[in-house]
Amino acid sequence: MPSSRSPLSRLFTVLLAGLLAGLVLAVAALPGNLIGGQLTKAALGAYAELPDALRTPAQPQRSYLYANDGKTLITTFYDVNRTDVPLAEIAPVMRQAIVAAEDRRFYSHGGADLRGIARALVANVRGGGTEQGGSTLTMQYVRNVLKTDPTRTAEERQAATEQTVGRKLQEIRYATALEKSLSKDEILNRYLNIAYFGSGAYGVAAASQRYFGKAPADLTLGEAALLAGLVQSPDEYSPIDGNAQQALQRRAYVLDAMAATGAISPAQAAAAKAEKLTLHPTAQPNGCTAVAQGHDDWGFFCDYLRQWWLTQPAFGGTAEEREQALRRGGYTVVTTLDPKIQETAQQQATAVYGYDNKRALPIAAVQPGTGRVLAMAVNRHYSLAANPAGEANHPNTVNPLISGGASVDGYQAGSTFKLFTMLAALEAGKTLSTGFDAPEKLPTRYASDAEGNCDGTWCPANANPEWMDGYRMMWDGFGRSVNTYFVWLAEQVGEDKVVEMAQRLGITFRADADAAFAKNDAKNWGAFTLGVAATTPLDLANAYATVAAEGTYCTPQPVVSVTAANGEKVAVGQPSCKKVLEPDVARAATDAARCPVGQQSAYGQCNGGTATSVDRIVGRPVAGKTGSSEQNATETFVGFTPQVAVAGIAADPDDSTDLVGSAVQTKVIDAVARVIRTAVSGQPVRDFTAPSRELAGDPQRPKPEPAPTPKPTPSPSPSDNLPSDLLRWLQNRRG
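Residues numbered from 1 in each chain as written. Predicted model: local features only at pLDDT ≥ 70, side-chain atom pairs only at ≥ 80, totals over all residues. Heavy atoms only, no water.

### Observations concerning the sheet that holds strand 5 (residues 332–335)
Link 1 in the chain: The strand order 2-1-5-15 describes an open sheet built from four strands, whose pairing is mixed. Strands with a single pairing partner mark the edges of an open sheet, and in this sheet they are strand 2 (73–77) and strand 15 (559–563). Across the sheet, the mean angle separating the axes of adjacent strands is 15° when strand polarity is ignored.
Link 2 in the chain: Looking at chain direction, strand 1 (residues 63–66) and strand 5 are connected through three bridges and run parallel. By the bridge assignment for strand 5, Y66 is matched with V334.
Link 3 in the chain: Lying over the sheet, helix 15 (residues 298–309) contacts strand 1, strand 2, strand 5 and strand 15, oriented at roughly 45° with respect to strand 2. (Pairing = 2+ DSSP bridges. Helix = DSSP H or I, 4+ residues; strand = E, 2+ residues; numbered from the N terminus. Axes fitted to C-alpha atoms, helices over the stretch in contact; angles between N-to-C directions. Contact = heavy atoms within 4.5 Å.)

What follows is the structure, encoded as structure tokens:
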């Protein structure tokens, strides 16, 4: 093949050849013992000056994310598709092939083969091209490390490949120094883990997967010879990129070289040459949009983990450094994602609403006592693919619809927030038997001139007066979701105490208006107990998990363990928990939360619930709460056992005026209950601990004080509460 090199390039090669040939002759003229002594002295001196990257290689490697079984691959992250493997996990034929192809005298020279360099340069000058390589495997390794070292500047990395005598002499010096401190096998192992094999694959592990879909230990003779042949010119010879003929020619060359070195017999070489080229190209997934095929729902959890990673100081001082650590650090991450629970959650979410439905059912599952996030599902594809015209978030999106953040503030969760009022009241010394004759409508201290006001004050109403009105205690007030009971209870305790309780259990106010109320006017946030603040399924599930764990709050956690490329465990992933409630307070709230799901409290005070199908579906001790926002714009259910807490919120993420309707509530309840059933399947049946008699109080029902009687007003819509924007407007006009 004729050379296309310029006359100037050829002249440079002649000069470089002359200089190095002169060096070879000068060295050859020295006595043997003097040569050995000088080289040893120079090598030892050079080793002391070696760059850190050559002493302790820190080459980019891809990071692996696994499910909680440590086996199910979710995805990988990388800038460079590369993974280190020990020499024992590389097929012997691969080791022999690379030595035969690139450096036949590898096991006999001292790092730099001066005779080979001179011979190659003379041949290249004569041929006008690069027909022979003069670099040893050790020298190639030095060059590969220096040109990819992330700690060096771009100029320094570029200098590692410049065609200069100085660079070549430095390469020889470094190679000789390495040979004095490392064994041949260790150098060979390092080389095989860094060499570029084309098609984006760095190192033999990535190349084996990229071309043949297998581990390097399983390579055949023919496959190993083909890979070894790629190293000289990876992009020109890559069979994946349409260069199969060149790849086969190089394979034949390597097989002949292996036969010449005695690694294989001529018959073996001939048989391998006759083999057809059989490839199994395997693209390595990269990032959350490249999760395992058929599991794009895992992308939402993957993205949540990535956002968590970017906040962890263990991976760097800045978010950018942590991102680089994830993509270049070669970490093995065992996550908290449970594939079985995730599968059920995804099935249930899509059973309620299909992928093409603009409404969504995001579901989150959390483990009490650890905060481990077990599942994050929604009827969306985690994908950057285009959506139909005018559709922002379906069927494809990468927005955090389950965990919140970015542009997602969350969704109103209705009466599920009554839990925080109950906890605040119990903590303040009130008992579960605290009674109140709940009226159909309750006048409050908030001024209002809106339709349906009671003498100029805001007066919330019960959604189902015949079933909700009357004397209630916390048990049946919670079980029947009596608005007027809980608005009254919040006034007794102090709305600011209720807001603080929600924050203590991890409710984050992402909407600006909600954050402003919580910070500046919590004492006057009367409607907070009715769930007008936006939240997410993950926050809500974790708050209820705190109660399930008898008052122990744990920060939501997406990882079980993280192992660095060197095998050391990173100090992340341990549960981060603290006691935020007295256990008896949490037990009391749980006792009342048995009522909504059709079970009985320890004191026999449940007499009706809004989600009674849960008892039948779960079939073991369970608690929970439903929630409906104004005009049934959203429908929510949270359920928990001692082992898991699950929340689901039906909403339209793009349009809060799109009302999901009350008919979907039963489907949401059943979906969450089925996720709970899967999560506890195979686990021991655990009951809740009954609260003390002191917090239960006297569950008798004495004749209560008369409740305020509102004046007749137009009947309210059958819903839990007023619209949030109206409530905020009313509260700003309080008297």
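### Structural notes on the environment of E427
Link 1 in the chain: Position of E427 relative to the elements: it lies in helix 18 (residues 418–427).
Link 2 in the chain: In sequence terms E427 and E582 are 155 residues apart; their C-alpha atoms lie 8.0 Å from each other.
Link 3 in the chain: If we ignore the near neighbours within four places in the chain, the residues touching E427 are M501, R504, V580, L581 and V585.
Link 4 in the chain: Among the polar contacts made by the side chain of E427, one reaches the side chain of R504 at a distance of 2.7 Å. (Polar contact = N/O pair within 3.5 Å; in protein donor to acceptor, adjacent residues only side chain to side chain.)

### Observations regarding the pattern of salt bridges
Link 1 in the chain: In total, this model carries 20 salt bridges according to the counting rule given.
Link 2 in the chain: Here R587 ties to E550 by a salt bridge, and the two come within 3.0 Å at their closest N and O atoms. On the criterion of sequence distance, the pair formed by R587 in helix 25 (residues 583–593) and E550 in the loop between helix 24 (537–548) and strand 14 (552–554) is long-range, its members being 37 residues apart.
Link 3 in the chain: Under the relative-accessibility criterion, R587 is labelled partly exposed at 24%.
Link 4 in the chain: When its relative accessible area of 23% is taken as the criterion, E550 is described as partly exposed. (Salt bridge = Lys/Arg side-chain N within 4 Å of Asp/Glu carboxyl O. Buried < 20%, exposed > 50% of the residue type's maximum accessible area, 1.4 Å probe, protein only.)

### Some details on the packing of helix 18 against helix 25
Link 1 in the chain: Two elements in contact, helix 18 and helix 25, have axes whose closest approach is 9 Å; the angle formed by their N-to-C orientations is 135°. In terms of orientation, helix 18 and helix 25 fall into the oblique class. Here the hand of the crossing between helix 18 and helix 25 comes out right-handed. For the pair helix 18 and helix 25, the contacting residues are L419, M422, L423, L426 and E427 in the first and V585, A588, A589 and A592 in the second.
Link 2 in the chain: Class assignment for the residues of the contact of helix 18 with helix 25 results in eight nonpolar, no polar and one charged. (Parallel < 35°, antiparallel > 145°, perpendicular 65-115°, else oblique. Left-handed = near helix turned anticlockwise from the far one by under 90°. Nonpolar A, V, L, I, M, F, W, Y, C, P; charged D, E, K, R; others polar.)

### With respect to the sheet that holds strand 19 (residues 645–650)
Link 1 in the chain: With antiparallel pairing, five strands are arranged side by side in an open sheet as 7-6-19-18-17. The open sheet has two free edges, formed respectively by strand 7 (373–377) and strand 17 (623–628), since each of these has just one partner strand. Across this sheet, the average inter-strand angle for adjacent strands is 5°, counted without regard to direction.
Link 2 in the chain: Two elements, strand 6 (residues 363–366) and strand 7, share four bridges in a ladder whose sense is antiparallel. In the sheet register, I363 faces strand 7, and the bridge partner there is A377.
Link 3 in the chain: Packed on one face of the sheet, helix 24 meets strand 6, strand 7, strand 17, strand 18 (635–640) and strand 19 and runs near 150° to strand 19.

### Regarding the packing of aromatic side chains
Link 1 in the chain: Inspection of every chain in the model, using the stated rule, returns 24 aromatic pairs.
Link 2 in the chain: Ring centres of F509 and F528 lie 5.9 Å apart, and the angle between their planes is 75°; on these two criteria the pair is classed as edge-to-face. Of the two residues, F509 sits in the loop between helix 22 (495–504) and helix 23 (512–520) while F528 sits in the loop between helix 23 and strand 13 (534–535), which places them 19 residues apart along the sequence. As far as burial versus exposure is concerned, F509 and F528 are alike and both buried.
Link 3 in the chain: Centroid distance F640 to F688: 5.7 Å. Interplanar angle 75°. Geometry classified as edge-to-face. Taken together, the residues span a long stretch of sequence, with F640 in strand 18 and F688 in the loop between helix 27 (665–680) and helix 28 (693–696) at a distance of 48 residues.
Link 4 in the chain: F640 gets classed as buried once you look at its relative accessible area, which sits at 1%.
Link 5 in the chain: The rings of F417, F420, F509, F517, W525 and F528 are connected pair by pair, giving a single aromatic cluster. (Phe/Tyr/Trp six-rings, centres within 6.5 Å; stacked < 30°, edge-to-face > 60°.)

### Concerning the environment of L419
Link 1 in the chain: With respect to the helices, strands and loops of the structure, L419 is situated in helix 18.
Link 2 in the chain: Classification of L419 by relative accessible area gives buried; the value is 1%.
Link 3 in the chain: For the pair formed by L419 and A592, sequence separation is 173 residues and the distance between their alpha carbons is 9.4 Å.
Link 4 in the chain: Sequence-distant contacts of L419, that is, excluding residues within four places in its chain, are made with F478, Y544, V547 and A589.

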